[in-house]
Amino acid sequence: MVRFIRKCSLLMGFLVVVCIGVSAQSTSINPATVDVKSLSDAQIKKVIDEMDKNGMSLEEAMTMARARGASQVQIDQLTQRIRAYQLTQQSNNVMFSAESDSSDYLQEQFSDKVEFEATEKTKKIFGFQFFNSENLSFAPNVNVPVSDSYALGVGDEVNISVYGASQQNYLLRVQKNGALQIPDLGPVNVYGLSFKEAKEKIKSRLVSIYNGMQGANANTFADVSLGALQGVKVNVIGEVNVPGTYSLPATASVFNALYLAGGPNENGSFRRIDVVRDGKVINSVDVYAYLIDGETQANIQLRDQDVVLVRPYLNRIKLGGEFKRVGLFEAKDQENVTDMIRYAGGFTDKAYTHRLEMYRNNGRTLSFTGLDSDEYQTKVLINGDSIYAGEIVERFANRISIEGAVYRPGNYELTEGMSLSKLLEKAEGLREEAFLERGVITRKKSDMSLESISFSPRKVLSGTEDVELHREDKVLISSIFEMREARTVEIVGEVQFSGTYAWAENLTVSDLVFQAGGFKEGAEVTGVEVSRVLNYKETADLSKSLLHTFQLGVDRNLKLNAEDAAFILKPFDKVYVRRAPGYREQGTVSVQGEVKYAGEYGVTKKDEKISDVINRAGGLTLEAYVKGASLRRRIELSEAEYQAKLAIAAQDTTMNPGEVEKVKYQVVGLNLVEIMKNPGGVEDLQLLAGDQLLIPSKLETVMVSGSVLNPVAHTFMKRKNAKDYIMNSGGFALRAKKGKVYVLYANGTTAATKSGLFGRRFPKVEPGCEIIVPEKPEVDKATQASKWLAIASTFATLITAIAVATR
């Protein structure tokens, strides 16, 4: 007892020394002042080593620390630090032991799907797209949760976490002998067990070293999970598109292996795919069970060195026609036509289901069999059979129809003894506008030719006549509007909305004007004209008359009166509302520039002159440059003129139809000096609506452009002529046409150079004008030389011919 107390005293002294990080002589320091959080892992390790050396448990050491004055907070912090350090060391040790032989289980890359070129026949086999579709992938996935049914294999990692009163972590790997080596417990054989079975077995063995896991009041628990799983190598052989050995994740199934191998080939079976393990067939997969019924029981998990063997197909059956799925199918022995119909997804909506056509290979010849629907379940199929489903005939046994002026047109069921009057009752009778004099029944005769049967709807309604109906009869009853030309009247001219309107009985001219929105302001209401076509009696004989015309007056306010009501419009009448002779729409002209009151002015009379408008604008200002005044006139082509110009442009290669404009402006040259001197004279033009008159201010420049060396504007000087300005612009260019120089004046007029006895006379230069020097067209010297050679050759030939003739 004395020895134990001495050991405790020594240990506590050591704990104090370690906690404060000083020498053994400092044992007088109070333990309550020690900061446990600041201790390093090396100091914690020294405390644990000293405890192990003296054979003390953690609880005993903490009890002695409390007796020496350590607070409960310090004890809790130190306990937590010691346990955390122990857990870290245990985890590192276990991980090291689990990975110590990891070189024996090196993971290799999993196999990818191999691309291949399938034959057209292979693509028609039902199930081929299942393993080769872009939208459906059975590629193995390693990132999926492991189910309880997963069978453990060699190399799989198993995590065991013990928690509660006891704490421990194990990271173990299934050894080549199929066992887990659990420290202090020994081997636990788990190879081939399902994950659920393995968990139960491991927990039952852990009880032997963790007593707290037993009983109803257990305080220690264990959790078992899987870590990295060792991949498997599987051989896919037989009738597959890409046979070979494939590396797959441990969770891979039969479908995963078949997907990588491209599925069965042209001769492969989808109904019998065997899984061979250790030389024995342990499972047989029917892909149809998954494709048709969604069953996955046979799609088992594969193990390392398993063999997936695809056998040759059993009985190949061809389905065509009106099945939902067509192509090549596979039948097991004793399967019948009903089974094939189910595999094909059944019939389409257009299929004739009461009979199928079957073609059978008898070894030497083909035989044909017609199968009625009651034979589908009894007819056993053999290899090579072909089944075809026909399309239903579009033939109705009891359909009739009625169209036209009835309330419920459409198809109706033909019942025994049904007549036309009963059909009209089912169609809820005739509409008010029904044409009662004649109706037509179109009937199919026995040879499918058509027959027309006439009847009187009036008599059918009165009960004096009736017609018995047959299959596929089509009854047509027209309306009175369908039996005659649409009755309309037309109004044109000075109304708001010209156009064609429906005719009605007792329609007057005023009524029609009212419908057309009333008169325009410029309408002449005293001379409204109505033209009327000849009636059918008048057109029975040839004559020069084409129309009847009537003149009448209409109240501008469309008031009701006896005169208006006396003239009734008839179908196809045309009403003309003329414009009043003196009415003109308001027109304006624009006066801009150097006038006293610039702006727009109304055209007050037909012969309004330029001088009149300038006077109304207050006259010219002192800054006005009278010689530079110009007039811009709006020219709008009529529709006929516009279309005519477009037609000419389309035929003339020198014209572009896109450049033909319906509205354009042209400049009219003015001599405003003469106009203002002699108002109303010949020079004083009559203005039109839309004209734009511009009087510029005084101009002081002259522009030189065209084929000169330096096109530029110059200051106007009275003593200079056109040639002087050209010389000031660097002179004529190389290809300048000197004799064609012309001057464009500010008022829009031009003057050209004249040639005389004493040389050229250039036009007079005015302020604001532009001197334009045209350019000679560029000549192709090679083309010009060839032309001269051709001419010379022609002359030489001609001279030679003359010489021969005169010899």
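Residues numbered from 1 in each chain as written. Predicted model: local features only at pLDDT ≥ 70, side-chain atom pairs only at ≥ 80, totals over all residues. Heavy atoms only, no water.

Trainee: Whenever I open this one, the overall build of the protein chain confuses me. Can you help?
Mentor: A tally of helices and strands in the protein chain yields 19 helices and 37 strands. Expected size for 807 residues packed as a compact globule is a radius of gyration near 28 Å; at 57 Å, the protein chain overshoots this value by more than 25%. Projecting the C-alpha coordinates of the protein chain onto the three principal axes gives extents of approximately 150 × 105 × 100 Å. Evaluated residue by residue, the protein chain yields a buried proportion of 36% over its 807 residues. Restricting to contacts in the protein chain with at least 6 residues of sequence separation, those with at least 24 account for 61%. A total accessible area of about 47,900 Å² is found for the protein chain, and carbon and sulfur atoms account for 51% of it. Of note, the protein chain has its 97 positive side-chain charges centred 8 Å away from the centre of its 100 negative side-chain charges. (Helix = DSSP H or I, 4+ residues; strand = E, 2+ residues; numbered from the N terminus. Rg over C-alpha atoms; globule rule 2.2 N^0.38 Å. Buried < 20%, exposed > 50% of the residue type's maximum accessible area, 1.4 Å probe, protein only. Contact = heavy atoms within 4.5 Å. Areas by Shrake-Rupley, 256 points an atom, 1.4 Å probe, with all protein chains shown as cover. Lys, Arg positive; Asp, Glu negative; His and termini not counted. Charge placed at Lys NZ, Arg CZ, Asp CG, Glu CD.)

Trainee: Please clarify how helix 7 (residues 195-206) should be interpreted in this entry.
Mentor: Within an α-helix, residues lying three or four positions from one another point in the same direction, as the helix has 3.6 residues per turn. Taking 1.5 Å per residue, twelve residues should reach 16 Å; helix 7 reaches 16 Å between its end C-alpha atoms and fits that length. Of all the residues in helix 7, the buried ones are Phe 195, Ala 198, Ile 202 and Leu 206. Looking straight down helix 7, one finds that the buried residues subtend no more than 65° of arc, so they occupy a single side. Close packing links the buried residues of helix 7 with strand 1 (157-164), strand 3 (179-182), strand 4 (186-189) and strand 5 (220-226). (Expected span 1.5 Å × (residues − 1). Arc of directions from axis to C-beta.)

Trainee: How should a nonpolar patch on the surface be read in this particular structure?
Mentor: Side chains of Trp 788, Ile 791, Phe 795, Leu 798, Ile 799 and Ile 802 sit close together on the surface and give an oily, nonpolar patch of about 650 Å² of accessible area. With respect to the element layout, Ile 799 can be found in helix 19 (residues 781-806). (Patch = residues over 30% accessible without salt bridge, like charges linked within 9 Å, V, L, I, M, F, W, Y side chains within 5 Å. Salt bridge = Lys/Arg side-chain N within 4 Å of Asp/Glu carboxyl O.)

Trainee: I'm lost on the sheet that holds strand 32 (residues 712-715) in this one. Help?
Mentor: Within a sheet, neighbouring strands are paired by backbone hydrogen bonds and run either parallel or antiparallel to one another. One open sheet holds the five strands; their spatial order is 32-31-37-33-34, and the pairing between them is mixed. Of all strands in the sheet, those with a lone pairing partner are strand 32 and strand 34 (750-752), marking the two edges. Geometrically, the sheet is characterised by an average inter-axis angle of 20° between neighbouring strands, direction not taken into account. (Pairing = 2+ DSSP bridges. Axes fitted to C-alpha atoms, helices over the stretch in contact; angles between N-to-C directions.)

Trainee: Before we go on, may I ask you to explain the confidence of the model for the protein chain in this structure?
Mentor: Reading predicted coordinates in detail is not appropriate for stretches of low pLDDT. Here the protein chain averages 85 in pLDDT, and 91% of its residues register 70 or above. Within the protein chain, the lowest mean pLDDT, 46, falls on helix 1 (residues 2-20), and the highest, 96, falls on strand 20 (residues 474-477). Predicted confidence for residues 91-107 stays below pLDDT 50, and this span has 23 contacts to residues more than four positions away or in other chains. (pLDDT = per-residue confidence, 0-100.)

Trainee: I keep staring at the pairing of strand 11 (residues 315-321) and nothing clicks. Help me out?
Mentor: In summary, the side chains of a regular strand alternate between the two faces of the sheet. Buried residues dominate strand 11, accounting for five of its seven residues. Bridging between strand 11 and strand 12 (residues 327-331) involves five bridges; their strand directions are antiparallel. Among the inter-strand pairings, Leu 319 is bridged to a residue of strand 12, identified as Gly 327. Count of turn residues in the strand 11/strand 12 antiparallel hairpin: five residues.

Trainee: I'm lost on the nonpolar core in this one. Help?
Mentor: The nonpolar side chains of soluble globular proteins are, as a tendency, buried together. Counting 48 residues, the largest nonpolar core has Val 236, Leu 248, Leu 258, Val 308, Phe 323, Leu 356 and Ile 387 as its most contacted members. In terms of residue count, the dominant contributor to this core is helix 8 (residues 254-260) (six residues). Residues within four places of Ile 387 in sequence aside, it is in contact with Ile 317, Lys 318, Leu 319, Gly 320, Phe 323, Val 337, Leu 356, Glu 357, Met 358 and Leu 381. Core analysis: the second largest hydrophobic core is formed by 25 residues, Val 174, Leu 180, Ala 198 and Leu 206 among them. (Core = buried A, V, L, I, M, F, W, Y, C linked by side-chain atoms within 4.5 Å.)

Trainee: How should I be thinking about the sheet that holds strand 5 in this particular structure?
Mentor: Across the sheet, which stays open at both edges, the three strands sit in the order 2-1-5 with antiparallel pairing between neighbours. Of all the strands in the sheet, the pair left with one neighbour each is strand 2 (168-173) and strand 5. Taken over all neighbouring pairs, the strand axes of this sheet differ in orientation by 15° on average, direction set aside. Of the strand pairs in this sheet, strand 1 and strand 2 are connected by six bridges, and their pairing is antiparallel. Its bridge partner being in strand 2, Val 158 is matched across the sheet by Leu 172. Against the sheet, helix 7 contacts strand 1 and strand 5, and its axis sits at roughly 145° relative to strand 5.

Trainee: Sorry if this is basic, but what is going on with a positive patch on the surface here?
Mentor: Where like charges cluster on the molecular surface, the positive patch consists of Lys 723, Lys 738, Arg 760 and Lys 776. Position of Lys 776 among the secondary structure elements: in the loop between strand 37 (770-773) and helix 19.

Trainee: Just checking my understanding: could you explain the pattern of salt bridges for this structure?
Mentor: Pairing between side chains becomes possible if they bear opposite charge and their charged atoms approach one another. Under the criterion given, the structure shown has 28 salt bridges. Across the pair Arg 360 and Asp 385 runs a salt bridge whose closest N-O atoms are separated by 2.7 Å. Within this pair, whereas Arg 360 is found in strand 13 (residues 351-361), its partner Asp 385 is found in the loop between strand 14 (366-372) and strand 15 (386-391), the two being separated by 25 residues in sequence. Asp 385 sits in the buried class, given a relative accessible area of 1%. For Glu 766, the salt bridge goes to Lys 764, with nearest N and O atoms at 3.6 Å.

Trainee: Help me out: how do you make sense of the environment of Gly 739 in this one?
Mentor: Considering the arrangement of structural elements, one finds Gly 739 in the loop between helix 18 (722-728) and strand 33 (742-744). According to the relative accessible area criterion, Gly 739 is partly exposed, its value standing at 26%. Distance in space between the C-alpha atoms of Gly 739 and Gly 759 is 9.8 Å, their sequence separation being 20 residues. Sequence-distant contacts of Gly 739, that is, excluding residues within four places in its chain, are made with Thr 753 and Arg 760.

Trainee: So what exactly am I meant to see when it comes to the pairing of strand 8 (residues 268-277) here?
Mentor: With nine of ten residues buried, strand 8 is to be regarded as a mostly interior element. Inspection of the sheet shows strand 8 paired to strand 10 (residues 307-312) by five bridges, in the antiparallel sense. In the sheet register, Gly 268 faces strand 10, and the bridge partner there is Pro 312. Bridging between strand 8 and strand 9 (residues 280-285) involves five bridges; their strand directions are antiparallel. By the bridge assignment, Val 276 is partnered in strand 9 with Val 281.

Trainee: I keep staring at the side chain of Asn 747 and nothing clicks. Help me out?
Mentor: One can find Asn 747 in the loop between strand 33 and strand 34. Within the structure, Asn 747 has its side chain in polar contact with the side chain of Thr 749 (distance 2.7 Å). (Polar contact = N/O pair within 3.5 Å; in protein donor to acceptor, adjacent residues only side chain to side chain.)

Trainee: Help me out: how do you make sense of the side chain of Asp 286 in this one?
Mentor: Topologically, Asp 286 is positioned in the loop between strand 9 and helix 9 (287-293). Judged by its relative accessible area of 16%, Asp 286 falls in the buried class. In terms of polar contacts, Asp 286 uses its side chain to reach the side chain of Arg 271, at 2.8 Å. Sequence-distant contacts of Asp 286, that is, excluding residues within four places in its chain, are made with Phe 270, Arg 271 and Lys 332.

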